[in-house]
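Letter by letter, the chains look like this.
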Amino acid sequence: MEVRLTETQIAICVISILAILGNTLTILVFVGDKKLLKKSYNAFILCLAIADVLSAILLITSPGFALGDLIPRPTNPVLGEIFCKVIWSRMFLFQLVFFSIYITLLLTVERWVAVVKPSKYNLFFKGKRLMGYVLFCLIWSFVLDGIVVLFDVDYDPSSSSNDICKLNFISSGSIFRTSLSVFLIIMKLFFPCLSMIGLYIHMIVKTNNSPVASAESKAKLRGKMTRMIGIMTCILLICYSPNQIFFIFATAGKAKIDSTLHHFTAILNFITICVNPFIYGLSNPNYGRRYKKALLSFCPQPRRVGPATEG
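Residues numbered from 1 in each chain as written. Predicted model: local features only at pLDDT ≥ 70, side-chain atom pairs only at ≥ 80, totals over all residues. Heavy atoms only, no water.

J.: Please explain the side chain of Ser62 as it appears in this structure.
T.: Within the secondary structure layout, Ser62 lies in the loop between α2 (40–61) and α3 (77–88). A residue is classified by how much of its surface remains accessible, and Ser62, at 7% relative accessible area, is buried. At a separation of 2.4 Å, a polar atom in the side chain of Ser62 contacts the main-chain carbonyl oxygen of Leu58. (Helix = DSSP H or I, 4+ residues; strand = E, 2+ residues; numbered from the N terminus. Buried < 20%, exposed > 50% of the residue type's maximum accessible area, 1.4 Å probe, protein only. Polar contact = N/O pair within 3.5 Å; in protein donor to acceptor, adjacent residues only side chain to side chain.)

Dropping the structure here:
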């Protein structure tokens, strides 16, 4: 059977492959030097890289995106319901997207505490607290995206085509549904992103205007890690906003799902999972050097030939 991919599917395949390669390289950096994980921000970056790898795998295999149309649809009604609500809905994929946003918020908070409240740093960022923060982000991202999706996706066994799953927004066009969509998108995207921007502005104003700010705080404000996370925040806002705003119009009945505009905003939405490793490497020379070292470890080493000995 000949498989023909659309331009959108090709773009998604490229994004997924780049994301898997780049984020796997990031993970290998931490595997090769576990001492890096003693720093809180490195632990969060590792979580972000793992989430981006999983997102890329789900992106390339989810129904309706790249290769997902090759997945056979179940004929059993129970399996059909599960398939539609869990797999076809891409629930876990988008949960990971919003999980990544909140992990980036965690990184920003970590930088804010390091710069503005350095005496409190060890209290907030140590040991089991880090795992608690990550677990909370994981659960919260599911609450924001997963619960509503379970009600919006239906299984249609009467469909004669391969499209046995239907997206039917509950109370589409109503004030309640539009308000709910606006609230969820604020919590998914605009609250974390605006919080990050606010924290950066506060860091800059507080440090630059304070006559008692320590040299260490000023160095951290200008440091590679703070700059890197600031760039990540801007990229998140630019790439995620169009798709989320489109979704508000879709639930209000003012925009069409599966349109060209929808596909464009979806591609833009997922660009972040492949650009993060480039941001790490280009904005922070320390990561760039470790990437190079990790890549060179895969290259075959030339054999050393010892001096010839006389028999």
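There is more to say, and it comes next.
J.: Before we go on, may I ask you to explain the layout of surface pockets in this structure?
T.: To locate leftover empty space, one rolls a probe as large as a water molecule over the atoms. There is about 1,000 Å³ of room inside the largest pocket. Those elements that place two or more of their residues in the lining of the largest pocket are α1 (7–32), α4 (91–116), α6 (128–152), β2 (165–167), α7 (175–209), α9 (224–251) and α10 (260–270). For the lining of the largest pocket, the residue count by class is 18 nonpolar, eleven polar and eleven charged. (1 Å grid on protein atoms, 1.4 Å probe; cavity = no way out; pocket = protein on both sides within 12 Å on 5 of 7 lines; lining within 4 Å. Points joined across faces, edges and corners; volume = space filled by probe spheres on them. Nonpolar A, V, L, I, M, F, W, Y, C, P; charged D, E, K, R; others polar.)

J.: What's the story with the state of the cysteines in this structure? I'm lost.
T.: What we call a disulfide is simply a covalent bond connecting the sulfur atoms of a pair of cysteines. Using the criterion set out here, one finds one disulfide in the structure. In this model Cys84 forms its disulfide with Cys165; the gap between the sulfur atoms is 2.0 Å. Where Cys84 bonds to Cys165 through sulfur, the torsion about that S-S bond is close to -80 degrees, and the disulfide is left-handed. With Cys84 in helix α3 and Cys165 in strand β2, the pair connects residues that are 81 residues apart, well separated along the chain. You can call Cys165 buried: its relative accessible area is 6%. Cys193 takes part in no disulfide bond, and the closest cysteine sulfur, belonging to Cys234, lies 9.4 Å away. Taking relative accessible area as the criterion, Cys193 reaches 0% and is therefore assigned buried. In this model Cys239 remains outside any disulfide bridge; the closest cysteine sulfur is found in Cys274, 8.8 Å from its own. (Disulfide = S-S within 2.5 Å.)

J.: I keep staring at the environment of Leu167 and nothing clicks. Help me out?
T.: Take Leu167: it is sitting in strand β2. C-alpha separation for the pair Leu167 and Phe151, spaced 16 residues apart in sequence, amounts to 9.4 Å. Look past the residues within four positions of Leu167 in its chain and what remains in contact with it is Trp88, Asp152, Val153 and Ile257. (Contact = heavy atoms within 4.5 Å.)

J.: Would you mind showing me how to read α4 here?
T.: Owing to its 3.6 residues per turn, the α-helix brings residues three or four apart onto one side. Counted at 1.5 Å a residue, the expected span for α4 with its 26 residues is 38 Å, and the 37 Å between its end C-alpha atoms agrees. With respect to burial, α4 is a largely interior element, 24 of its 26 residues being buried. (Expected span 1.5 Å × (residues − 1).)

J.: How do you make sense of the packing of aromatic side chains when you look at a structure like this?
T.: We describe a pair of aromatic rings using the distance from one ring centre to the other and the angle between the two ring planes. Counted according to the given criterion, the structure contains five aromatic pairs. Taken together, a centroid distance of 5.7 Å and an interplanar angle of 45 degrees make the contact between Phe94 and Phe270 tilted. Of the two residues, Phe94 sits in helix α4 while Phe270 sits in helix α10, which places them 176 residues apart along the sequence. Of the aromatic side chains, those joined through ring pairs into one cluster are Phe44, Tyr121, Phe125 and Tyr133. Lying across the ring of Trp88, Arg90 places its NZ or CZ 5.3 Å from the centre. (Phe/Tyr/Trp six-rings, centres within 6.5 Å; stacked < 30°, edge-to-face > 60°. Lys NZ or Arg CZ within 6 Å of the ring centre and 35° of its normal.)

J.: Would you mind showing me how to read the pattern of salt bridges here?
T.: Pairs can form between side chains of opposite charge whenever their charged atoms are close. Taken as a whole and judged by the stated rule, the model has two salt bridges. Among the ionic pairs, Asp33 bridges to Arg290, the shortest N-O distance being 3.1 Å. A residue pair is termed long-range when its members are at least 10 positions apart, and Asp33 in the loop between α1 and α2 and Arg290 in helix α12 (residues 285–296) qualify at 257 residues. On the basis of relative accessible area, Arg290 is assigned to the partly exposed category, the value being 32%. As a salt-bridge pair, Arg111 and Glu110 come within 2.8 Å of each other at their nearest N and O atoms. On the accessibility criterion, Glu110 (0% relative accessible area) is buried. (Salt bridge = Lys/Arg side-chain N within 4 Å of Asp/Glu carboxyl O.)

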